[in-house]
Amino acid sequence: MGVFVPRHITEYRLAKDLFTRGRDIILSSDALEMKQFTQHGTSSVFEHCVSVAKFSLLFSYFLEKTIHLKVDRDSLVRGALLHDYFLYDWHDRRPERRIHGFTHPGIALHNADRDFELNDIERDIIGKHMFPLTVVPPRYRESVIVCLADKWCALCETFRIDVSSYLIYRVNYRIALANGELRIIHGNGDTAAENI
Ligand SMILES: [Fe+2]
Ligand SMILES: [Fe+2]
């Protein structure tokens, strides 16, 4: 897995970093199921998770630059991408959805543990991201970062403030390239998907 740290942070670089670290999750049909469900405002759960991963990465760059705090970015991105992997429409007005805020971290963790190989940090990120609504506090710095990024993104999405649409576009572009739905043709006829 890559250890790519951009010198100049741009949406392009963030998308590349996010895609490199979370490639197996982003390209899995299970995770892409999250595209079917709305999270906040007009954002799908998939878009929300990509946005949370982006801001988690940004926080981690900031913390490393300012206070030299080391962050496990692979776990950070993978936990962020799966933090809302509950795989249902929480707006469907079923009685059990009234406590969705309390129950979905556990459901997401159960689903993620079933479909992906997770380490302890990734498990903690998913299971504790609703703190303080769920009372057990995060154990790792990566979980605290995702917990904060999640609240920021939820706020922006609820008020329809666009903070991630270009990054989401870049991630979707990379998915299409990886799936062979797009090809970049250069003058000599070669394709260079890895350079995008
Ligand atoms: Fe959540
Ligand atoms: Fe979330």
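Residues numbered from 1 in each chain as written. Chains lettered and ligands numbered in written order. Predicted model: local features only at pLDDT ≥ 70, side-chain atom pairs only at ≥ 80, totals over all residues.

### Some words on helix H1 (residues 11-26)
Reasoning step 1: Look at H1: only 17 Å from first C-alpha to last across 16 residues, short of the 22 Å you get at 1.5 Å a residue.
Reasoning step 2: Of all the bends in H1, the greatest measures close to 55 degrees and is centred on Thr20.
Reasoning step 3: Elements in contact with the buried residues of H1: helix H2 (29-32), helix H3 (45-67), helix H4 (73-82) and helix H8 (165-178). (Helix = DSSP H or I, 4+ residues; strand = E, 2+ residues; numbered from the N terminus. Expected span 1.5 Å × (residues − 1). Bend = angle between axes of the 7 residues up to and from the residue. Contact = placed C-beta atoms within 7 Å.)

### Structural notes on the packing of H1 against H4
Reasoning step 1: With their axes 9 Å apart at the nearest point, H1 and H4 run at an angle of 45 degrees to one another. Taken together, the axis directions place H1 and H4 in an arrangement best described as oblique. For the element pair H1 and H4, the recorded crossing hand is right-handed. Here H1 contributes Leu18, Arg21, Gly22, Ile25 and Ile26 to the contact with H4, which in turn contributes Arg73, Asp74, Val77, Arg78, Leu81 and Leu82.
Reasoning step 2: Across the contact of H1 with H4, the residue classes break down as six nonpolar, one polar and four charged. (Axes fitted to C-alpha atoms, helices over the stretch in contact; angles between N-to-C directions. Parallel < 35°, antiparallel > 145°, perpendicular 65-115°, else oblique. Left-handed = near helix turned anticlockwise from the far one by under 90°. Nonpolar A, V, L, I, M, F, W, Y, C, P; charged D, E, K, R; others polar.)

### Overview of the environment of Phe19
Reasoning step 1: For Phe19, the location among the structural elements is in helix H1.
Reasoning step 2: Among the residues examined, Phe19 registers 24 C-beta atoms within 10 Å and is labelled buried.
Reasoning step 3: Residues Phe19 and Ile175, spaced 156 residues apart in sequence, show a C-alpha to C-alpha distance of 8.8 Å.
Reasoning step 4: If we skip the residues at most four places from it in the chain, Phe19 touches Ile26, Val171 and Arg174. (Buried ≥ 20, exposed ≤ 12 C-beta atoms within 10 Å, placed from the backbone.)

### Some points on the nonpolar core
Side chains of a nonpolar character, in soluble globular proteins, are inclined to be buried together.
Reasoning step 1: By size, the foremost hydrophobic cluster in this structure holds 39 residues, and its most contacted members are Leu18, Cys49, Ala53, Ala80 and Leu81.
Reasoning step 2: In terms of residue count, H3 provides more of this core than any other element does, nine residues in total. (Core = buried A, V, L, I, M, F, W, Y, C linked by C-beta atoms within 7 Å.)

### With respect to H8
Think of an α-helix as turning once every 3.6 residues; residues three or four places apart then point the same way.
Reasoning step 1: Counted at 1.5 Å a residue, the expected span for H8 with its 14 residues is 20 Å, and the 20 Å between its end C-alpha atoms agrees.
Reasoning step 2: Looking only at H8, the buried set comprises Leu167, Ile168, Arg170, Val171 and Arg174. Considered in projection along H8, the buried side chains sweep an arc of 160 degrees and stay on one side of the axis. Within H8, the exposed residues directed more than 90 degrees away from the buried face are Ser165 and Tyr169. (Arc of directions from axis to C-beta.)

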